[in-house]
Amino acid sequence: MAKMIVQGVDFEANEDPTLGEAYDLFKKYLLLNANLAICMSYIHLGDSATQVGQKMHLSPRTIEDYISRLKTVFGCHSKKELVYIYDRISNLSSSIAND
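Read on for an overview of the structure. Computed from a predicted structure; not experimentally measured. (Residues numbered from 1 in each chain as written. Predicted model: local features only at pLDDT ≥ 70, side-chain atom pairs only at ≥ 80, totals over all residues. Heavy atoms only, no water.)

1. Description of the overall build of the protein
Regarding its fold elements, the protein presents five helices and two strands. The order of α-helices and β-strands along the protein, N terminus first, is β-β-α-α-α-α-α. Split into buried and exposed, the 99 residues of the protein put 32% on the buried side. Total accessible area on the protein is roughly 6100 Å²; 52% of this is exposed by carbon and sulfur atoms. (Helix = DSSP H or I, 4+ residues; strand = E, 2+ residues; numbered from the N terminus. Buried < 20%, exposed > 50% of the residue type's maximum accessible area, 1.4 Å probe, protein only. Areas by Shrake-Rupley, 256 points an atom, 1.4 Å probe, with all protein chains shown as cover.)

2. With respect to the nonpolar core
Across soluble globular proteins, you tend to see nonpolar side chains buried next to one another. The biggest cluster of nonpolar side chains holds 23 residues, and the ones touching the most others in it are C39, M40, I63, L70 and F74. When contributions to this core are tallied by element, the ones reaching two or more residues are helix 1 (17-30), helix 2 (34-44), helix 3 (49-56), helix 4 (60-74) and helix 5 (79-98). When residues no more than four places from it in sequence are discounted, the contact partners of F74 are L25, K28, Y29, L32, M40, L82, I85 and I89. (Core = buried A, V, L, I, M, F, W, Y, C linked by side-chain atoms within 4.5 Å. Contact = heavy atoms within 4.5 Å.)

3. Section: the pattern of salt bridges
Summed over all chains, the structure comprises three salt bridges. The salt bridge partner of D47 is K55, with a shortest N-O separation of 2.5 Å. Among the residues examined, K55 registers a relative accessible area of 43% and is labelled partly exposed. Among the ionic pairs, E64 bridges to R61, the shortest N-O distance being 3.6 Å. On the criterion of helical spacing, the pair formed by E64 and R61 is a turn pair, its members being three residues apart in helix 4. (Salt bridge = Lys/Arg side-chain N within 4 Å of Asp/Glu carboxyl O.)

4. Digging into the environment of D65
Its location among the elements puts D65 in helix 4. Between the C-alpha atoms of D65 and A49, which are 16 residues apart in sequence, the distance is 9.6 Å.

Structure representation (C-alpha cells):
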C-alpha cells in the first residue's frame, strides 16, 4: 500500500491505479484556494459562469478565468470533465469519511 499525507491527513492507497489517480485529483483539490473550490462545486451543480458569478458576487469574466485555471490544474479541456473530476473527488472523500 502507498501512503500519502495531505495537509496533515494520512491516506493509504492500494495498488489500484484508478484509486491512485483519484488520490492525485483529491490532493490537487485540497490545494485549491477557496474561491476555486467553491466555483468548482457550482459548476458541478450545472451553473453557468453568469450564475456562479451572481452567487459569488464576482463578474462572469472572473468565473471564466477560474474555470480556465481549474481546467489547467486538473488537466482537462471542458466543464464536463471538471464535473466528472468533482464526482470522483466527492466519491473518494465520502469513502475516506466512512472508513
